[in-house]
Amino acid sequence: MTEPLLTIRDLRTVFHTDEGLVRAVDGVSFDVGRGETVCLVGESGSGKTVTGESITRLIRTPPGDIAGGEIVFDGRDLTTLSDDELRELRGDRIAHVFQNPQGALNPVYTVGWQIVEAIQLHQDVTRATARERGIDLLDRVGIPEATRRFDDYPHEFSGGMKQRVSLAMALATNPDLLIADEPTTALDVTIQNQILRLLSELQAEFDMSILLITHDLGVVAEVADRVVVMYAGKVMERGGVFDVFERPSHPYTRALLDCLPGRGTGGARSIGGKLPPPTDPPDGCRFHPRCEHAVDACRAGEQPPAYPVDGDDDHVVSCVHYEPGGDPSVVRGEEAAPTDGGRPVGGDTEEDDR
Amino acid sequence: MAGGTDTTDTFESVDWEETGSRLSTLSRRDRGALVAGLAIVAAFLYDYLLLPASRPTITVPVEWNVTQLDWLFVTTLLALLFYVAVPLYDNRRLTAYYWREFKKNRMAVLSLAYLLVVFCIGVVGPILLEKPTLALDQAYQPPAYLSVDSTVPVNCLGDVVDGRCQGTMAHPLGTTGDGKDILVLVVYGMQVSMKVGLISTLLVVTIGTAVGTVAAYGSGLVDELLMRYVDIQLVFPAFFLYLLLTYLFGGSLFMFIVIFGLTGWGSIARLVRSEALQRAEEEYITAARSAGAGTLYVIRRHLVPNVSNSVITAATLLIPGFILFEASLSFLSLGDPTVPSWGQVIANGRSDLSTAWWVSTFPGVFLFTTILAFNFMGDALRDALDPRQET
């Protein structure tokens, strides 16, 4: 396998707050290969967005701080680059699309102005060329009558159209890596599908890698090549999309999948309990307070290291039951006793903590 | 302006070579403004260093010895042209929308028309009209179509009917006790008021916006330092500094504008900061940074335009404040004695109120209506630009 485009090793991003040190991202590692779509999943507050924004150091410093780790993009460690060098990369080779299309466009400028801006920040082209290019892009992302709408203001577009415009802005410089932070969350399901299909098409056309941040496993199943499951700043499980969906190995991944309606026997289930306080995470595995399979080994020490699942180095899980000599069937109840259904039941409460 | 075109070429070629693609971050308008600014500086240096002080700067088409204050005023007008008129013209659709909103307030439309008239007459009038001089033989002439007891004027220019002196069209608003024509004084006063209002406000708004946005976006230590300095400046008694300098050097309008312009921006900076703090958290700021925009670029092109609505609203309400303040200082003879401001004329006429009421009344009416008009316009602008504050 060729060298991945983006390699993140042991990334630690912290925030200095009045309540204490928040370890938003605490030792996260994963790769994004060329032309690949990697999904970062987890519930709100698990550190997905901070991971995405740490890559090009978009987090505000202070209070944020990248406390450790390596982010190697195309052979260069981004954590060692100066602000100016990073700025050259941002938007040029690494582009972002954000969750809220209402907010991602500046209300005082026309969308055309903003696309031209995105182009001219990195390329030495005349306004006319940039404009032509911008209209092309708008057309490509599916804005009807692109020439006419080029000079419209953001408030004259619907949410889905705005997200298409954001996408056009991100693609303006033909980036190698697109970091899409919940790009479809604010949109309704039909539009969501259109945008996802568009993303896949554009990925093939522009030959770029996508790091898609989402909490929606339906989206993951549709577009991902590989999946990284995060919980409370740690990676719980990581692997190819088929491996993770076919053989979910971490109790948290299994619980997440059980949250999907129509999977398993009954309807959707929620995970009992809630995320640990970010300033004071529990010892041992971060998930143990909500895990029905927790044993004493889970409650002490550090988050368990990433163990391969079934000897597959590309599918790893951070759970003590998978350590060499351990017994994964504790977690994968249904394989041992399929009659049981094996669905992990949450903690004591059934409360929905969203 | 032959030098102007030269600077254009040099400026552009230098910029291209040195910063390459960064040039695109300076818009055409910014470049235009920069060129015009450089031209003004060049003209000022020429006038200041090369021409003897007594020689008028321009002799064609009119003779006009440009003073320090005039240079500032011209700069202000250019700034208004580039950063108010040009954007309004560039975004015609948005302008049309604002105009529709603004039009709903009839008093404001009337005020705007009135202020435009005052502005135009104030800018052009003093260049064309001779400065009123002492003419004791023409003292206390009544306004046209009105009359006064013939004992009041020294020498009635009109007809005397039934022992009453009739006003003439030679002095439509009458004359003062010095024999100066009040209409001419009012026109000169318009220019003084426009200079005071516009230059001081421009200084205040520029510095306040810069400090406020940088503090909000810089956060942390930058924010702390800037805002604590604002706190100190807000308790600094600029008025006493002005009194002291007036005592030492004599009153001057230039000094008034510079002192109050350079010390009065604290509250605007606070206003801008609170607004910018909110804006800085918006996703389009992150989006701009993710597109590779630098700090200054984000502040200038994304933060400032988004706070400009509240700044413009605040500015229109600042202008009448400055005008009124200058008038009160002039009324107390703390103003510039060489400048015929409305406050000064009102003060001159106050001892004659019983016999020659028109001396104080006409400048007073103009002062009153001008300030009222600015307030009406500010209210309507706030409704049009900043609908959130309406409820």
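These numbers come from a predicted model, not from an experiment.

Undergrad: Explain the overall build of chain B to me, using residue names and the numbers behind them.
TA: Along the backbone of chain B there are 14 helices and three strands. C-alpha atoms of chain B, sized along the principal axes, occupy 85 × 55 × 45 Å. Each of the 391 residues in chain B was classed as buried or not, and the buried ones make up 38%. Of the contacts formed within chain B by residues at least 6 apart in sequence, a portion of 69% connects residues at least 24 apart.

Undergrad: Describe in detail the overall build of chain A, supporting the description with residues and values.
TA: Of regular secondary structure, chain A possesses 11 helices and 12 strands. Here chain A has a C-alpha radius of gyration of 21 Å; the compact-globule value for 354 residues is 20 Å, and the two agree. Structurally, chain A occupies a C-alpha span of about 65 × 45 × 45 Å along its principal axes. Out of the 354 residues in chain A, the part that is buried amounts to 46%. Expressed as a percentage of contacts within chain A between residues at least 6 apart in sequence, the contacts between residues at least 24 apart total 63%.

Undergrad: So what about the sheet that holds strand β1 (residues 147-149) of chain B? Which residues, and what values?
TA: All names here are of chain B. Reading across the sheet, the three strands line up as β1-β3-β2 and stay open at both edges, with antiparallel pairing between neighbours. Taken across any chain shown, the strands that pair with only one partner, and hence form the sheet edges, are β1 and β2 (160-161). With two bridges joining them, β2 and strand β3 (residues 164-166) adopt antiparallel strand pairing. Residue Val160 lies in a different strand from β3, and its bridge partner there is Cys165.

Undergrad: Could you give an account of the packing of helix α6 (residues 182-218) of chain B against helix α9 (residues 253-263) of chain B, naming the residues involved and the relevant values?
TA: All names here are of chain B. For the pair α6 and α9, the least separation of the axes is 8 Å and the interaxial angle reads 30°. By the angle between their axes, α6 is roughly parallel relative to α9. Crossing geometry of α6 relative to α9 is assigned as right-handed. Only Leu253, Ile257, Phe260, Gly261 and Leu262 of α9 make contact with α6, whose side of the interface consists of Val192, Lys195, Val196, Ile199, Ser200, Leu203 and Val204. When grouped by side-chain class, the residues that make up the contact of α6 with α9 number nine nonpolar, two polar and one charged.

Undergrad: Describe the sheet that holds strand β1 (residues 6-17) of chain A, listing the residues and the values that go with them.
TA: All names here are of chain A. Here we have four strands laid out as an open sheet, ordered β2-β1-β4-β5, and antiparallel in their pairing. Either end of the sheet is taken by a strand with one partner, and the two such strands are β2 (20-32) and β5 (76-77). Packing of helix α1 (residues 48-55) onto the sheet brings it into contact with β1, β2 and β4 (64-73), and relative to β2 it is tilted by some 70°.

Undergrad: Report on the pairing of β1 of chain A, specifying residues and quantitative values.
TA: Residue and element names in this part refer to chain A. Two elements, β1 and β4, share eight bridges in a ladder whose sense is antiparallel. Bridging across to β4, Thr13 finds its partner in Ile66. Pairing of β1 with β2, which is carried by 10 bridges, proceeds in the antiparallel orientation. Note that in β2 the partner of Leu11 across the bridge is Val28. Linking two consecutive strands that pair antiparallel, namely β1 and β2, is a turn of two residues.

Undergrad: Requested: an account of the pairing of strand β12 (residues 312-317) of chain A, with residues and values cited.
TA: Two faces make up the sheet, and in a regular strand the side chains alternate between them. Residue and element names in this part refer to chain A. Bridge count for strand β10 (residues 234-240) against β12 is two bridges, and the pairing is antiparallel. Looking at the pairing, Arg238 lines up with Val316 of β12. Strand direction decides the pairing type here: strand β11 (residues 307-309) and β12, joined by three bridges, are antiparallel. From the neighbouring strand, Pro308 faces β12, where its bridge partner is Val316. The turn joining β11 and β12, which pair antiparallel and follow one another in sequence, is formed by two residues; a positive phi near 50° is taken by Asp310.

Undergrad: How would you summarise the interface of chain B and chain A if you had to cite specific residues and measurements?
TA: Between chain B and chain A, the contact holds 18 residues from the first and 23 residues from the second. Contributions of two or more residues to the side of chain B that touches chain A are made by α11 (283-290) and α12 (295-331) of chain B. The biggest single contributor to the side of chain B that touches chain A is α11 of chain B, with six residues. Partitioning the side of chain B that touches chain A into residue classes produces five nonpolar, 10 polar and three charged.

Undergrad: Now, about the environment of Arg301 of chain B: what can you tell me, with residues and values included?
TA: Residue and element names in this part refer to chain B. Checked against the element boundaries, Arg301 lands in helix α12. The class for Arg301 is buried, based on 20 C-beta atoms found within 10 Å. The spatial distance from the C-alpha of Arg301 to the C-alpha of Ser27 is 9.7 Å, given a sequence separation of 274 residues.

What counts and how
- Residues numbered from 1 in each chain as written.
- Chains lettered and ligands numbered in written order.
- Predicted model: local features only at pLDDT ≥ 70, side-chain atom pairs only at ≥ 80, totals over all residues.
- Helix = DSSP H or I, 4+ residues; strand = E, 2+ residues; numbered from the N terminus.
- Buried ≥ 20, exposed ≤ 12 C-beta atoms within 10 Å, placed from the backbone.
- Contact = placed C-beta atoms within 7 Å.
- Rg over C-alpha atoms; globule rule 2.2 N^0.38 Å.
- Pairing = 2+ DSSP bridges.
- Axes fitted to C-alpha atoms, helices over the stretch in contact; angles between N-to-C directions.
- Parallel < 35°, antiparallel > 145°, perpendicular 65-115°, else oblique.
- Left-handed = near helix turned anticlockwise from the far one by under 90°.
- Nonpolar A, V, L, I, M, F, W, Y, C, P; charged D, E, K, R; others polar.

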